[in-house]
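Reading the structure
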Amino acid sequence: QVQLVESGGGLVQPGGSLRLSCAASGSIFSLNRMGWYRQAPGKERELVATISSGGIANYADSVKGRFTISRDNAKNTVYLQMSSLKPEDTGVYYCIAVTLTMYWGQGTQVTVSS
């Protein structure tokens, strides 16, 4: 069993930056990919970014060049550094981890508004 706990969400103005963290605990050694989804109000969840166990990252077109995903395997933590934030980035951000199944965190709210 894997538990994921996100932190770092909050209110930020357009153009600002925010860093999300996701701490994994439990049976984590079989994880080979982690990432972030987000869900905007009234919309389905959207894959934002993923990162392999070796640190290879992929991004949604909507965030490419603005967001950076990284991981610290020693700390069992994944990060999402967000910059040049836009109002459309608003939503609940969920950490995911892929092993024999997919695990989801509870989510952290990101609100981009002036």
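None of these values were measured; they are calculated from a predicted model.

Definitions and cut-offs
Residues numbered from 1 in each chain as written. Predicted model: local features only at pLDDT ≥ 70, side-chain atom pairs only at ≥ 80, totals over all residues. Heavy atoms only, no water. Pairing = 2+ DSSP bridges. Helix = DSSP H or I, 4+ residues; strand = E, 2+ residues; numbered from the N terminus. Axes fitted to C-alpha atoms, helices over the stretch in contact; angles between N-to-C directions. Core = buried A, V, L, I, M, F, W, Y, C linked by side-chain atoms within 4.5 Å. Buried < 20%, exposed > 50% of the residue type's maximum accessible area, 1.4 Å probe, protein only. Disulfide = S-S within 2.5 Å.

Side note on the sheet that holds strand β1 (residues 2-7)
Pairing is antiparallel across the open sheet formed by 4 strands, whose spatial order is β1-β3-β8-β7. Single-partner strands in this sheet number two, and they are β1 and β7 (67-72). Averaged over all pairs of adjacent strands, the angle between strand axes in this sheet comes to 15°, irrespective of strand direction. Looking at chain direction, strand β3 (residues 18-26) and strand β8 (residues 77-82) are connected through 6 bridges and run antiparallel. What sits directly across from Ser21, in β8, is Tyr79.

A closer look at the nonpolar core
Counting 27 residues, the largest nonpolar core has Leu4, Met34, Trp36, Leu80, Met82 and Tyr93 as its most contacted members. Breaking this core down by element, the ones donating at least two residues are β1, β3, β4 (33-39), β5 (45-52), β7, β8, β9 (91-98) and β11 (108-112). With 4 residues, β3 is the single largest residue contributor to this core.

Comments concerning the environment of Pro41
Within the secondary structure, Pro41 sits in the loop between β4 and β5. Note: C-alpha distance between Pro41 and Val92 (51 residues apart in sequence) is 8.5 Å.

Remarks on the state of the cysteines
Enumeration over the complete set of coordinates arrives at 1 disulfide. Each sulfur of the disulfide joining Cys22 and Cys95 lies 2.0 Å from the other. The sign of the -80° torsion about the S-S bond sets the Cys22-Cys95 disulfide as left-handed. Residue Cys22 is found in strand β3, and its partner Cys95 is found in strand β9; the two are separated by 73 residues along the sequence.

Description of unusual backbone geometry
A positive phi angle is found at Asn76, which is not glycine, with a value near 55°. By the secondary structure assignment, Asn76 is in the loop between β7 and β8. One non-glycine residue, Ser84, lies in the positive phi region at around 50°. Relative to the helices and strands, Ser84 resides in the loop between β8 and β9.

Everything listed is a geometric property; what it means functionally is a separate question.
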